[in-house]
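# Structure assessment
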Amino acid sequence: MTHLPYIVASYAATLVMIGAFTLPLVMRLRRARARLALLEQRQEARQRSTGSPETGSLPDQGATS
């Protein structure tokens, strides 16, 4: 009797489990990237409408050297 079917079954089960853990992670990463892109678009639109600098700091008001 050969052990080949058990070895193949264990490798197949391992691959299935890796896929079962990886697929949700990939989907979650894609959703997170899409949300980040949306937030960046909103931030850029807000900055364009208010004219605020990207750093968020106040402009210099007559600072002397």
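What you see is a predicted model; the values in this text were computed from it and never measured.

To continue, consider the overall build of the protein. Scanning the protein from N- to C-terminus turns up one helix and zero strands. In the protein, buried positions account for 2% of the 65 residues. Accessible surface for the protein amounts to roughly 6,600 Å². Of this, 63% is attributable to carbon and sulfur atoms.

This paragraph deals with helix α1 (residues 4-50). Relative to the 69 Å expected for 47 residues at 1.5 Å per residue, α1 spans 69 Å between its end C-alpha atoms, a close match to the ideal helical length. Just past α1, the residue G51 takes up positive phi, approximately 75°.

In the numbering used here, UniProt assigns the feature "transmembrane region" (unreviewed entry) to residues 6-26. A helix fraction of 100% and a strand fraction of 0% characterise residues 6-26, whose end C-alpha atoms lie 30 Å from each other.

Here is what the cut-offs are and how they apply
Residues numbered from 1 in each chain as written. Predicted model: local features only at pLDDT ≥ 70, side-chain atom pairs only at ≥ 80, totals over all residues. Heavy atoms only, no water. Helix = DSSP H or I, 4+ residues; strand = E, 2+ residues; numbered from the N terminus. Buried < 20%, exposed > 50% of the residue type's maximum accessible area, 1.4 Å probe, protein only. Areas by Shrake-Rupley, 256 points an atom, 1.4 Å probe, with all protein chains shown as cover. Expected span 1.5 Å × (residues − 1). UniProt positions renumbered as here; feature names shortened; annotations may be inferred.

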